Amino acid sequence: MEQALWTRARLGRCGPRLDLLTARFDKHVYAPHAHDEFTVGVCVGGSEIIDYRGGHIRTGPGSIVVLAPGEVHTGGPGNKTDGYAYRALYAATPLLADGSVGFPHFREPLIDDPELATALRLTHTELSACPDPLEAESRLPWLLTALARRHSTARATCDEVQGGEGIALLVRDRLADELLAPPSLATLAEDVGLSRYQLLRAFRTTMGLPPYAWLAQYRVHRARTLLESGLRPAEAAAAVGFADQAHLTRWFRRVLGVTPAAYRNSVQDGR
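Counting restarts for each chain, with residues numbered from 1 along the sequence as it is written. Per-residue local features are limited, in this predicted model, to residues with pLDDT of at least 70; the limit for side-chain atom pairs, both in listing and counting, is 80 or more; totals at the level of whole chains, interfaces and linings are taken over all residues. The basis for the side-chain values is all heavy atoms of the structure; hydrogens and waters are excluded.

**As for the sheet that holds strand E5 (residues 48-52)**
A pair of strands is treated as paired once DSSP finds two or more bridges between them. Helix and strand assignments follow DSSP, with helices taken as H or I runs no shorter than four residues and strands as E runs no shorter than two, numbered in order from the N terminus. With respect to topology, four strands assemble into an open sheet ordered E3-E8-E5-E6, the strand pairing being antiparallel. Either end of the sheet is taken by a strand with one partner, and the two such strands are strand E3 (30-33) and strand E6 (55-58). If you compare each strand with its neighbour and ignore which way they point, the axes differ by 20° on average. Here four bridges tie E5 to E6, and the two strands are oriented antiparallel to one another. Across the sheet, the residue bridging to Tyr-52 is Gly-55, located in E6. Geometry is summarised by axes, namely lines fitted to C-alpha atoms with helices restricted to the contacting stretch, and by angles between N-to-C directions that run from 0 to 180 degrees.

**Observations regarding the nonpolar core**
In plain words, nonpolar cores are sets of buried Ala, Val, Leu, Ile, Met, Phe, Trp, Tyr and Cys residues tied together by side-chain atoms within 4.5 Å. The buried label applies to any residue whose accessible area, calculated with a 1.4 Å probe on protein chains only, is under 20% of its type's maximum; exposed applies above 50%, and partly exposed to all values in between. With 34 residues, the main nonpolar core has Val-171, Leu-175, Leu-199, Phe-242, Leu-248 and Trp-251 as its most contacted residues. No other element matches helix H7 (residues 211-228), which puts eight residues into this core. If sequence neighbours within four positions are ignored, Leu-248 has contacts with Ala-223, Pro-233, Ala-236, Ala-237, Phe-242 and Pro-260. Among the nonpolar cores identified, the runner-up in size contains 32 residues, and Leu-20, Phe-38, Ala-68 and Leu-116 belong to it. Residues are treated as being in contact if the distance between any of their heavy atoms lies within 4.5 Å.

**Brief notes about the pattern of salt bridges**
Opposite charge on two side chains allows them to pair when their charged atoms are near. Take a side-chain nitrogen of Lys or Arg and a carboxyl oxygen of Asp or Glu: if they are within 4 Å of each other, that pair is a salt bridge. As enumerated under the stated definition, the model contains 15 salt bridges in all. The partner of Glu-71 in a salt bridge is Arg-53, and the shortest N-O contact between them spans 3.3 Å. Highlighted residues: Glu-71 in the loop between strand E7 (64-67) and strand E8 (73-77) and Arg-53 in the loop between E5 and E6, separated in sequence by 18 residues.

**Looking at unusual backbone geometry**
For Cys-14, which is not glycine, the phi torsion reads 65° and is therefore positive. By the element assignment, Cys-14 lies in the loop between strand E1 (3-10) and strand E2 (17-25). Phi is positive for Arg-53, which is not a glycine, with a value near 50°. You can call Arg-53 partly exposed: its relative accessible area is 36%.

**Side note on the side chain of Ser-184**
Position of Ser-184 relative to the elements: it lies in the loop between helix H4 (164-177) and helix H5 (185-191). Of the polar contacts made by the side chain of Ser-184, one reaches the side chain of Thr-187; its length is 2.8 Å. Once residues within four sequence positions are removed from consideration, Ser-184 is found in contact with Gly-12, Arg-13 and Glu-137. Under this definition, polar contacts are N or O atom pairs within 3.5 Å; protein pairs additionally need one hydrogen-donor-capable and one acceptor-capable atom, and for neighbouring residues in sequence, both atoms have to be side-chain atoms.

**Details of the sheet that holds E7**
Within a sheet, neighbouring strands are paired by backbone hydrogen bonds and run either parallel or antiparallel to one another. What the six strands build is an open sheet, ordered E1-E2-E9-E4-E7-E11; its pairing is antiparallel. For this open sheet the edge positions go to E1 and strand E11 (110-111), each flanked by a neighbour on one side alone. Two strands pair when backbone bridges link them, and strand E4 (residues 38-46) and strand E9 (residues 84-91) are joined in this way by eight bridges, in the antiparallel orientation. Counted as the bridge partner of Phe-38 is Ala-91 from E9.

**A closer look at the environment of Ala-189**
Along the chain, Ala-189 turns up in helix H5. Each C-alpha atom, one on Ala-189 and one on Asp-51, is 39 Å from the other, the two residues being 138 residues apart in sequence. Not counting chain neighbours up to four residues away, the residues in contact with Ala-189 comprise Leu-194, Ser-195, Arg-196 and Leu-199.

**With respect to the packing of aromatic side chains**
Paired rings are identified among Phe, Tyr and Trp, the last through its six-membered ring, by centres lying within 6.5 Å, and are further divided according to the angle between planes into stacked (under 30 degrees), edge-to-face (over 60) and tilted (the rest). All chains considered together, the criterion is met by ten aromatic pairs. Relative to Tyr-218, the ring of Trp-214 has its centre 5.3 Å away and its plane inclined at 10°; by these criteria the two rings are stacked. Of the two residues, Trp-214 and Tyr-218 are both situated in helix H7; the distance of four residues between them amounts to about one turn of the helix. Tyr-218 gets classed as partly exposed once you look at its relative accessible area, which sits at 26%. Members of the aromatic cluster, each reached through a chain of ring pairs, are Phe-25, Tyr-30, Tyr-84 and Tyr-86. Criterion for a charge above a ring: Arg CZ or Lys NZ at most 6 Å from the ring centre, at most 35 degrees from the ring normal. The ring of Trp-142 has Arg-204 sitting right over it, with the charged end atom 4.1 Å from the ring centre. Taking NZ or CZ as reference, Arg-219 lies 5.7 Å from the ring centre of Phe-242, over its face.

See below:
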């Protein structure tokens with residue numbers, strides 16, 4: 001089966017776009033080509049052979065592949081029976097350099113890091129289904145910085161943030177006040193003189209959650225009150241800033257263990 005699905009996420013409201021590719025091929029062979037961005041892929045099935053820098057890369061499930069901007073490469077099935085499946089994203093260089101010093105050069109394009117591969121695959125899967133701008137901006141730069149710090153030649157920057165707790169609380173209040181159209185993390189970071197990675201680190205350290213997860217839980221609690229007042233789930237989702245009812249349902253079940261509809265019915269029946 002030959003299948004490829006492109007999803008375009010936005011890194012923060014009005015921020016730059018980032019493409020996500022979900023692919024499954026039996027026989028397809030890519031012609032030699034290059035990308036303007038870093039290609040970061042995770043093999044999720046079968047095996048692919050990639051011609052790159054005069055050699056051959058053979059992927060397997062769970063392996064990470066990083067191809068540098070402008071580098072010509074190909075791709076095709078590693079054997080005749082299984083084909084190959086992968087998830088890839090195309091990231092501009094600053095996304096990998098945010099928490100480090102210097103251009104992130106990867107000496108080895110094939111990376112064995114099961115923890116990071118799992119995180120990249122899960123993030124890719126969830127953002128492909130619902131490319132929420134704040135979620136994309138909270139998760140992707142964090143993971144790409146980890147990738148560069150662990151496996152490239154770039155040196156890590158200092159993570160200490162003076163007044164980090166106060167900055168995190170300020171960001172929390174801004175997100176709560178503007179929950180229907182939250183500001184981008186890049187904008188918030190610029191306002192306080194930090195990099196986006198420093199802002200993310202300060203927020204996670206203080207709040208115990210990344211910004212998108214904190215805001216999602218705050219929205220769930222606001223939606224809960226609206227459901228109790230009689231609003232339908234779709235109405236409550238729109239009123240608190242979720243993309244749609246499915247987005248609300250996903251987070252409502254994570255936080256409270258039931259669907260919004262089941263919760264509404266139970267509180268209505270109890271009146």
